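Notes for the structure review
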Amino acid sequence: MTPDTTTLKQLHAIVDAARERRAEDVTVLDLTDVSSTLEYFVICTATAGLQLNAVQENIREKAMAAGLPRPSVEGPSERWLLLAFGGGVIVHIMTKDAREYYDLEGLWSDARAMDFPEAQTGTTA
C-alpha cells in the first residue's frame, strides 16, 4: 500500500529530524501489508543516552510540526526509546547493541523498506 502525501511528509520529517541529530542507519518499514494494527516503524541508531535524547527531542518537535499528535514515550533507557505517534507511526531509537539484540528488521522482514534518500547539500556545478 502506498502512503498518502501527508503520511509521506510526516515520515520524511521524522527521518530528517533523526539525521539532523546524527542518528545512524535510519530505516522506515511499511507494515501496512503485514500487520492489522501497525502502519510504519522508523528505526534508527544513536550512540549513547545523550544522543538518544537529542534525537528523540528533535523527532518529537519536527513530527508534531508536520501534523502528527504528541507522542507517547515508552521504555526510556540508556539503550532504547520508543515514540508512538498514535497508532500509525512508531519510532524506535536504539543503541547499536540494543538494535542488534532486538533485530526489529529481522522480526518484520516481510515489511517493505521505504527509501528516504538523504538531502543533498551544497551546490551543483
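Everything here concerns the structure above.
Residues numbered from 1 in each chain as written. Predicted model: local features only at pLDDT ≥ 70, side-chain atom pairs only at ≥ 80, totals over all residues. Heavy atoms only, no water.

Right, let's get into the pattern of salt bridges. With the rule as written, the count across this model stands at four salt bridges. A salt bridge links E20 to K62, with the shortest nitrogen-to-oxygen separation between them at 2.6 Å. Here K62 lies in helix 2 (residues 49-65) and E20 lies in helix 1 (residues 5-20), a separation of 42 residues in the sequence. For E20, a relative accessible area of 42% gives the class partly exposed. Here K62 falls in the partly exposed class, since its relative accessible area comes to 27%. The salt bridge partner of D25 is R99, with a shortest N-O separation of 3.5 Å. Remark: R99 occurs in helix 3 (residues 96-102) and D25 occurs in strand 1 (residues 24-30); sequence separation between them is 74 residues. Judged by its relative accessible area of 7%, R99 is buried. What emerges from the salt-bridge pattern is a single network uniting D25, R99 and E105. (Salt bridge = Lys/Arg side-chain N within 4 Å of Asp/Glu carboxyl O. Helix = DSSP H or I, 4+ residues; strand = E, 2+ residues; numbered from the N terminus. Buried < 20%, exposed > 50% of the residue type's maximum accessible area, 1.4 Å probe, protein only.)

Across its 17 residues, helix 2 extends 24 Å between first and last C-alpha, which sits within 8% of the 24 Å expected from 1.5 Å per residue. Among all positions in helix 2, only G49, Q51, L52, V55, Q56, N58, I59 and A63 are buried. Looking at the packing, one finds that the buried side of helix 2 touches helix 1, strand 2 (40-45), strand 4 (80-85) and strand 5 (89-94). Just beyond helix 2, the residue with positive phi is G67, at close to 105°. (Expected span 1.5 Å × (residues − 1). Contact = heavy atoms within 4.5 Å.)

For the rest of this paragraph, the subject is the packing of helix 1 against helix 2. The N-to-C vectors of helix 1 and helix 2 enclose an angle of 150°; their axes lie 8 Å apart at closest approach. In this view, helix 1 runs roughly antiparallel relative to helix 2, as classed from their interaxial angle. As for the relative orientation of helix 1 and helix 2, their crossing is right-handed in sense. Taken together, the residues of helix 2 that come into contact with helix 1 (itself represented by A13, I14, A17, A18 and E20) are V55, N58, I59, K62 and A63. Looking at the contact of helix 1 with helix 2 residue by residue, the classes come out as seven nonpolar, one polar and two charged. (Axes fitted to C-alpha atoms, helices over the stretch in contact; angles between N-to-C directions. Parallel < 35°, antiparallel > 145°, perpendicular 65-115°, else oblique. Left-handed = near helix turned anticlockwise from the far one by under 90°. Nonpolar A, V, L, I, M, F, W, Y, C, P; charged D, E, K, R; others polar.)

Here the focus is the pairing of strand 5. Among the six residues in strand 5, six count as buried, and that is most of the element. Pairing analysis gives six bridges linking strand 2 to strand 5, with the strands arranged parallel. Considered in strand 5, the bridge of Y40 is made with V89. Inspection of the sheet shows strand 4 paired to strand 5 by six bridges, in the antiparallel sense. If you follow L81 over to strand 5, its bridge partner there is I93. Connecting strand 4 to the next strand, strand 5, in antiparallel fashion are three residues, including G86 with a positive phi near 65°. (Pairing = 2+ DSSP bridges.)

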